[in-house]
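Notes for the structure review
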Amino acid sequence: MDRMKEFAMLRAIGNTRWQIRKMIIGEGLIVGTSGILFGIIMGLGLSYLFAIAGMNCYLSNCILLRHGAQLN
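Residue positions within a chain follow its written sequence, with the count starting from 1. Totals for whole chains, interfaces and linings use all residues, but because this is a predicted model, local features are given only for residues with pLDDT of at least 70 and pairs of side-chain atoms are given and counted only at 80 or more. To obtain the side-chain values, all non-hydrogen atoms of the structure were included, while hydrogens and water were left out.

**Section: the overall build of the protein chain**
We count a stretch as a helix when DSSP gives it H or I for four or more residues in a row; a strand needs E for two or more, and each element gets its number in order from the N terminus. For the protein chain, the count of helices and strands is two helices and three strands. Secondary structure elements of the protein chain, listed N to C terminal, follow the sequence α-α-β-β-β. Summary of the burial criterion: residues with accessible area below 20% of their type's maximum are buried, those above 50% are exposed, and those between are partly exposed, where the area comes from a 1.4 Å probe applied to protein chains only. Burial status across the protein chain gives 7% buried among its 72 residues. Between two residues, a contact is recorded if the distance between any of their heavy atoms is within 4.5 Å. Look at the contacts in the protein chain between residues 6 or more apart in sequence, and 3% of them connect residues 24 or more apart. For the area figures, the Shrake-Rupley method with a 1.4 Å probe applies, and any residue is considered shielded solely by the protein chains shown. In the form shown here, the protein chain has an accessible surface area of approximately 6300 Å², with 69% of it arising from carbon and sulfur atoms.

Put into structure tokens, the structure is as follows:
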């Protein structure tokens, strides 16, 4: 609801609908891109940590390679 008021205010001060639409698309692209980058970085970091710990996890079946014990 706050966004609707913000858009109305932008229209009142002279922004066109196209300018507001471009702003929304730009914000979406920034949020989406940063989310993708964050996910990739976190995924690579966690896979690196699992590799250091000696764990091979695939579809909830984790095997500790150092000790040979299987965790379910």
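**Here's the deal with the pattern of salt bridges**
Note on definitions: salt bridges are taken to be side-chain nitrogens of Lys or Arg within 4 Å of carboxyl oxygens of Asp or Glu. Taken as a whole and judged by the stated rule, the model has two salt bridges. Notably, a salt bridge pairs Glu-6 with Arg-3, separated by 3.6 Å at the nearest N-O pair. With a gap of three residues between them, Glu-6 and Arg-3 both fall in helix H1 (residues 2-12), about one helical turn apart. Classification of Glu-6 by relative accessible area gives partly exposed; the value is 29%. Taking relative accessible area as the criterion, Arg-3 reaches 36% and is therefore assigned partly exposed. Salt bridges linked by common partners bring Arg-3, Glu-6 and Glu-27 together as one network.

**What about the packing of H1 against helix H2 (residues 17-53)?**
Interaxial distance between H1 and H2 falls to 10 Å at its minimum, and their mutual angle equals 140°. With respect to H2, the element H1 is oriented oblique. Relative to H2, the crossing made by H1 is right-handed. Residue-level contacts link Arg-3, Glu-6, Phe-7, Leu-10 and Arg-11 of H1 to Arg-17, Ile-20, Met-23, Ile-24 and Glu-27 of H2. Working convention: axes come from line fits to C-alpha atoms, limited for helices to the stretch in contact. Angles between N-to-C directions cover 0 to 180 degrees. For classification, angles of less than 35 degrees are called roughly parallel, those exceeding 145 degrees roughly antiparallel, those between 65 and 115 degrees roughly perpendicular, and all remaining angles oblique. By definition, any crossing whose near helix is turned counterclockwise from its far helix by less than a right angle is left-handed, and any crossing with a clockwise turn is right-handed.

**Overview of a nonpolar patch on the surface**
Taken together, the side chains of Leu-46, Tyr-48, Leu-49, Phe-50 and Ile-52 make up a nonpolar region of the molecular surface, amounting to roughly 520 Å² of accessible area. Within the element layout of this structure, Leu-46 appears in helix H2. Only residues above 30% relative accessible area that lack a salt bridge enter a patch, with like-charged residues linked at up to 9 Å and the nonpolar side chains Val, Leu, Ile, Met, Phe, Trp and Tyr linked at up to 5 Å.

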